[in-house]
Amino acid sequence: MDAKYFLGEPRLLISPDALRTNLRTLRRHLAPTVRVCAVLKANAYGHGAKVIAQVLLQIETESPFDRVDAFAVATFEEADELRELEKPVMILRPVENAFLGRQRELIEHAILNGWILTLRSASAADDIARIAMHLQKRASVQIMVDTGMRRCGVAYDEFAHVLERTLHHPTLRLDGLGTHFANSELSGNPFTLEQLRFFNRLLDGYPILESVPKHAANSGAIFFTPRAHFDLVRPGLSLYGIDPTGHPSVDRPLAPVATLAAPIIAVHDVEVGESVGYGQTFVATEPTRIGIVALGYADGYPRAASNRGVVRVLGHSCGVVGRVSMDMTAINLTRCPDAGIGDEAIFIDSDPHSPASIYALTRVTDQIAYEILTGLGSRIKRVICPTSPSEQTLRDDDPPKPVFMPR
Ligand SMILES: *Cc1c(COP(=O)(O)O)cnc(C)c1O
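The rules we used
Residues numbered from 1 in each chain as written. Predicted model: local features only at pLDDT ≥ 70, side-chain atom pairs only at ≥ 80, totals over all residues. Heavy atoms only, no water. Domains from an automatic or database assignment. Contact = heavy atoms within 4.5 Å. Buried area = accessible area lost by both parts, 1.4 Å probe. pLDDT = per-residue confidence, 0-100. Disulfide = S-S within 2.5 Å. Buried < 20%, exposed > 50% of the residue type's maximum accessible area, 1.4 Å probe, protein only. Helix = DSSP H or I, 4+ residues; strand = E, 2+ residues; numbered from the N terminus. Expected span 1.5 Å × (residues − 1). Axes fitted to C-alpha atoms, helices over the stretch in contact; angles between N-to-C directions. Parallel < 35°, antiparallel > 145°, perpendicular 65-115°, else oblique. Left-handed = near helix turned anticlockwise from the far one by under 90°. Nonpolar A, V, L, I, M, F, W, Y, C, P; charged D, E, K, R; others polar. Phe/Tyr/Trp six-rings, centres within 6.5 Å; stacked < 30°, edge-to-face > 60°. Near = heavy atom within 4 Å. Polar contact = N/O pair within 3.5 Å; in protein donor to acceptor, adjacent residues only side chain to side chain. Areas by Shrake-Rupley, 256 points an atom, 1.4 Å probe, with all protein chains shown as cover. Core = buried A, V, L, I, M, F, W, Y, C linked by side-chain atoms within 4.5 Å.

Further remarks concern the domain arrangement of the protein. As assigned here, the protein comprises domain 1 (31–239) and domain 2 (258–393). Spacing between the C-alpha centres of domain 1 and domain 2 amounts to 37 Å. The interface is formed by 9 residues belonging to domain 1 together with 8 residues belonging to domain 2. Roughly 790 Å² is buried in total at the junction of domain 1 and domain 2, and carbon and sulfur atoms are behind 74% of that figure.

Quick look at the confidence of the model for the protein now. When pLDDT is averaged along the protein, the result is 94; 95% of the residues meet or exceed 70. Note on residues 390–407: pLDDT under 50 across the span, and 45 contacts to partners over four residues away in sequence or across chains.

Further remarks concern the state of the cysteines. Summed over all chains, the structure comprises 0 disulfides. Cys318 takes part in no disulfide bond, and the closest cysteine sulfur to it belongs to Cys336, at a distance of 4.7 Å. For Cys318, a relative accessible area of 1% gives the class buried.

Let us now look at helix α1 (residues 16–28). With 13 residues, α1 extends 18 Å from end C-alpha to end C-alpha; this agrees with the ideal 18 Å at 1.5 Å per step. Of the surrounding elements, those touching the buried residues of α1 are β1 (11–14), β2 (35–39), α3 (49–62), α9 (219–224) and β18 (381–384).

Here we come to the packing of α1 against α3. Interhelical geometry of α1 versus α3 gives an angle of 70° and a closest axis separation of 10 Å. As the angle between them shows, α1 and α3 are arranged roughly perpendicular. Crossing geometry of α1 relative to α3 is assigned as right-handed. Contacts from Pro16, Leu19, Arg20 and Leu23 of α1 reach α3 at Ile52, Val55, Leu56, Ile59 and Glu62. Residues of the contact of α1 with α3, tallied by class, amount to 7 nonpolar, no polar and 2 charged.

The next subject is the packing of aromatic side chains. Throughout the structure, instances matching the rule amount to 7 aromatic pairs. Ring geometry for Tyr45 against Tyr240: centres 4.9 Å apart, planes inclined by 35°, an arrangement best described as tilted. Separated by 195 residues along the polypeptide, Tyr45 in helix α2 (residues 41–45) and Tyr240 in the loop between β9 (232–233) and β10 (258–270) bring together distant segments of the chain. You can call Tyr45 buried: its relative accessible area is 7%. Aromatic side chains Phe159 and Tyr206 sit 5.1 Å apart centroid to centroid with 70° between the ring planes, which places their arrangement in the edge-to-face category.

Okay, the site of the ligand next. What surrounds the ligand is the set Val39, Lys41, Tyr45, Leu92, His180, Asn218, Ser219, Arg234, Pro235, Gly236, Leu237 and Tyr370. Within the contact set of the ligand, an oxygen atom lies 2.8 Å away from a backbone nitrogen or oxygen of Leu237. Between the ligand and Tyr370 there is a distance of 2.7 Å, counted from an oxygen atom to a side-chain nitrogen or oxygen. For the ligand, the protein covers 92% of the area, taking 390 Å² as the surface of the free molecule. Classifying every residue of the shell around the ligand by side-chain character gives 6 nonpolar, 4 polar and 2 charged.

Core analysis: the biggest nonpolar cluster contains 114 residues, and Leu40, Leu117 and Val313 have the highest contact counts within it. The residue makeup of this core includes at least three contributed by each of domain 1 (31–239) and domain 2 (258–393). Val270, Val276, Phe282 and Ala330 belong to the second-largest nonpolar core, a separate cluster that totals 8 residues.

Take a look at the structure:
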């Protein structure tokens, strides 16, 4: 089954070439010994975790330099999706409440699979150690330290205690020590440097941590704070080809990996004075050709793009008309008269300079790329598209060369 199989449905086309470009750009910023942990949480930022993991492994087979060394996810269930892929997996959301609900079962499963569990308290260390002891296994854990984010890392004055408990248990193996920046996407940001100083001071205070892998850098810090690379980096957004600053940069070739396309399912003309869609927010001031596309806010196309978003059809820019509704969106085809039922509208264009790029969409809806991408819904088919999906190749009569269909 292939990408073409899903023509006629909303599709997220994933470009392996773009992913490889981004990996290379990331690697070029790193010393050769630094390991790369691909962040695949939230369904790989909406791209489809299994698909992205699969493409990453394929890239690695073709060119070992472009490898990733580990995967990071937020939850147990996300880790489970990547179970068969034979890479270390770290679960970023810290373990707490180990004996509530089915948590114990999930932790057992994680220990048996060798996933790295994140700790933020001495009690979590004790709980995990106890569960591991029952399994007669060693649990792999990492400690995330709070250096200023004030979210859920271990605070400085608790660190000694958490570390002591972690090292005390023979059933725990400390496999990482990390922190996370609040302002990484700002070049030369003083708070980032302060967080980094804090982290380094902590490391200096505990020579025992010398052999434990250290990590701090997400996409922003990979580009802007080289001293934060340590042993391993955790790129998310940049891997998917989006610049952490929110604007494409000539300094860092990143290629957006995803193209969001959906088919036109109806075309009709409206006359002057007729309205389109809920709330009658669009009223035609000239004869207007309307296309109805099978994608709505339930699929994650933001309702805030109502009357303001731009989509691409057969190489033309077409405005969103009226309100985006749950399952459908109306677009203006007046200046694209050749378009018909079955043609695809590109809602997110992989060209970073397109009026329908993810960057342009974030400006229209006042969101960030993270938010839009992670909101892409489960009705959208994630498909690998080996050739770069220029708009022409998306037509039914000239489909992209497909490989396989995940899920
Ligand atoms: C999400 C996340 C990342 C990835 O961040 P990007 O800005 O997308 O590169 C890295 N580290 C942690 C702890 C995260 O939660």
